[in-house]
Amino acid sequence: MNDMTTPPATYTAASYKSATKPIWCPGCGDFTVLSSITKALAALQLPPHRVGVVSGIGCSSRIPAYTTCYGFHGVHGRALAAATGLKVARPDLTVLAAGGDGDGYSIGGNHFLHACRRNVDLTYVVMDNHVYGMTKGQASPTTEPDWDNKLSPGGTGIRSFHPLVLALAAGANFVARAFAGDPNGTADIIAQAIRHPGFSFVEVLSPCVTFRPEQRAWKEAVHPATVTATDDAARATHRIMTDDGLNIGVLYAGRRAPYQVPGTQGHQDVSALEAEFAL
Ligand SMILES: Cc1ncc(C[n+]2csc(CCOP(=O)(O)OP(=O)(O)O)c2C)c(N)n1
Ligand code: SF4
């Protein structure tokens, strides 16, 4: 068969789901985030072998194993360092980094800021449940200061930080908020994030039904953002700082040119590095 007669490959969401069954708690928001990622990849018809999914450690960071894409389940807080290296070495691949609020904003906070600043063309999906799920419910950087539990009786008293505003201040080129309970809406936002050049950040409110069962109420509380995305970072920052934290949609789509390794146009030659580190 020549190219004229070969039917084009078509991928469905199922094409991106591996045979490994997720071990998340029943009802965990991460199930639908996984579905949203696979739907977004199908909408873009990206061949699984042209996609790399990179994570750190945490319940949410298990996601690479549940896809048929190339995957790297890395070290706690280091997803963005590995994802950045992958994208710079292989700019022809679509690179997604994924993980939790503890992974990305606490131990990985420094990498988060600098990934926004560098603006390498990759998409970062954070499943934010305002808690460390995997290690049994410690407070994270997005935990409310008055969240009372046995590990922080009476609450930590420490204000939670604002990932979307930090991302904007640090230079992210695309900032959106999504909700795990809306898989189609989240898939659409992730597809837009992948398509948008530069560093795209998608914060997904993803309930931890085990340690934060009250987050089930997010389903009734979230609502679509009433404004369209802006390319004005100051305007977006003001809107996000004054919203209720529960509006869903693309909040900022900037125009910064993505980082490109100077003097290169595409595939990087990493053979010298491979030789140096050969065992
Ligand atoms: C260097 C290092 N420090 C701490 C840990 C322990 N640890 C594993 S997962 C985790 C928290 C994960 O929380 P989060 O990223 O919010 O993900 P979730 O489990 O809620 O999806 C921690 C502290 C670790 N594995 N490595
Ligand atoms: S502990 Fe929480 S975040 Fe982890 S799988 Fe269970 S519900 Fe999901």
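The sections below set out a description of the structure shown in this document.

What counts as what
Per-chain numbering applies: the sequence of each chain, read as written, is numbered from 1 onward. Starting at A for chains and at 1 for ligands, labels are handed out in the order in which the entities are written. Reporting of local features is limited, given that this is a predicted model, to residues whose pLDDT is at least 70; pairs of side-chain atoms are given and counted only at 80 or more, and all residues count toward the totals for whole chains, interfaces and linings. Values shown for side chains rest on all heavy atoms present in the structure; no hydrogens or waters enter the calculation. Stacked, edge-to-face and tilted labels apply to pairs of Phe, Tyr and Trp rings (six-membered ring for Trp) whose centres lie within 6.5 Å, assigned for plane angles under 30 degrees, over 60, and everything in between, in that order. We define a salt bridge as a side-chain nitrogen of Lys or Arg found within 4 Å of a carboxyl oxygen belonging to Asp or Glu. The secondary structure listing takes helices from DSSP runs of H or I that are at least 4 residues long and strands from runs of E that are at least 2 residues long, numbered from the N terminus. Relative accessible area decides the class of each residue, using a 1.4 Å probe on protein chains only: under 20% of the type maximum gives buried, over 50% gives exposed, and in between gives partly exposed. The rule for a residue being near a molecule or strand is that one of its heavy atoms must lie within 4 Å of it. Gly is placed with the polar residues, together with every amino acid not listed as nonpolar (Ala, Val, Leu, Ile, Met, Phe, Trp, Tyr, Cys and Pro) or charged (Asp, Glu, Lys and Arg). Under this scheme, a helix contributes an axis fitted over its contacting stretch, all axes are lines through C-alpha atoms, and angles between N-to-C directions fall in the 0 to 180 degree range. To sort the angles, those under 35 degrees are grouped as roughly parallel, those over 145 as roughly antiparallel, those from 65 to 115 as roughly perpendicular, and the leftovers as oblique. With the far helix as reference, a near helix turned anticlockwise by less than a right angle produces a left-handed crossing, and one turned clockwise produces a right-handed crossing. Every residue pair with non-hydrogen atoms within 4.5 Å of one another is taken to be in contact. For this analysis, a nonpolar core means a set of buried residues of the types Ala, Val, Leu, Ile, Met, Phe, Trp, Tyr and Cys, connected via side-chain atoms within 4.5 Å.

A few words now on the packing of aromatic side chains. Under the counting rule described, the total for this entry stands at 10 aromatic pairs. Relative to tyrosine 16, the ring of tyrosine 11 has its centre 6.0 Å away and its plane inclined at 50 degrees; by these criteria the two rings are tilted. Chaining the aromatic ring pairs together yields one cluster made of Tyr105, Phe112, Tyr124, Phe161, Phe199 and Phe201.

Right, let's talk about the pattern of salt bridges for a bit. As enumerated under the stated definition, the model contains six salt bridges in all. With a shortest N-O distance of 3.0 Å, arginine 50 and aspartate 92 are connected by a salt bridge. Residue arginine 50 is found in the loop between helix H1 (30-43) and strand S1 (51-55), and its partner aspartate 92 is found in the loop between helix H2 (79-89) and strand S3 (94-100); the two are separated by 42 residues along the sequence. With a closest N to O distance of 3.0 Å, arginine 212 and glutamate 144 form a salt bridge. Placement of arginine 212 in the loop between strand S6 (200-205) and helix H7 (218-221) and of glutamate 144 in the loop between strand S4 (123-128) and helix H5 (163-170) is noted, with a sequence separation of 68 residues between them. Its relative accessible area of 4% is what places arginine 212 among the buried residues. Shared partners join several salt bridges into a network, and the residues in it are Arg50, Arg90 and Asp92.

Moving on to the site of ligand 2. With respect to spatial proximity, the complete set of residues near ligand 2 consists of Trp24, Cys25, Cys28, Cys59, Asn129, Gly133, Cys208, Val209, Thr210 and Phe211. Of the residues contributing to the shell around ligand 2, the split by class is seven nonpolar, three polar and no charged.

This part covers the packing of H5 against helix H8 (residues 233-242). Packing of H5 against H8 brings their axes to within 9 Å, and their N-to-C directions diverge by 165 degrees. As summarised for this structure, H5 and H8 are arranged roughly antiparallel, according to the angle between their axes. Considering the relative orientation of H5 and H8, their crossing is left-handed. Counted together, Leu164, Val165 and Leu168 of H5 and Ala233, Ala236, Thr237, Ile240 and Met241 of H8 form the full contact between these two elements. Each residue belonging to the contact of H5 with H8 can be placed in one class, and the counts come to seven nonpolar, one polar and no charged.

To continue, consider the nonpolar core. With 37 residues, the main nonpolar core has Leu41, Ile63 and Val202 as its most contacted residues. Elements with a minimum of two residues in this core: H1, S1, S3, S4, strand S5 (174-179), helix H6 (183-195), S6 and strand S8 (247-253). With six residues, H1 is the single largest residue contributor to this core. With near-sequence residues (within four places) excluded, isoleucine 63 lies in contact with Trp24, Leu34, Ile37, Val53, Ala98 and Met127. Core analysis: the next-biggest nonpolar cluster, separate from the first, contains 28 residues, Val54, Ala83, Leu93 and Ala225 among them.

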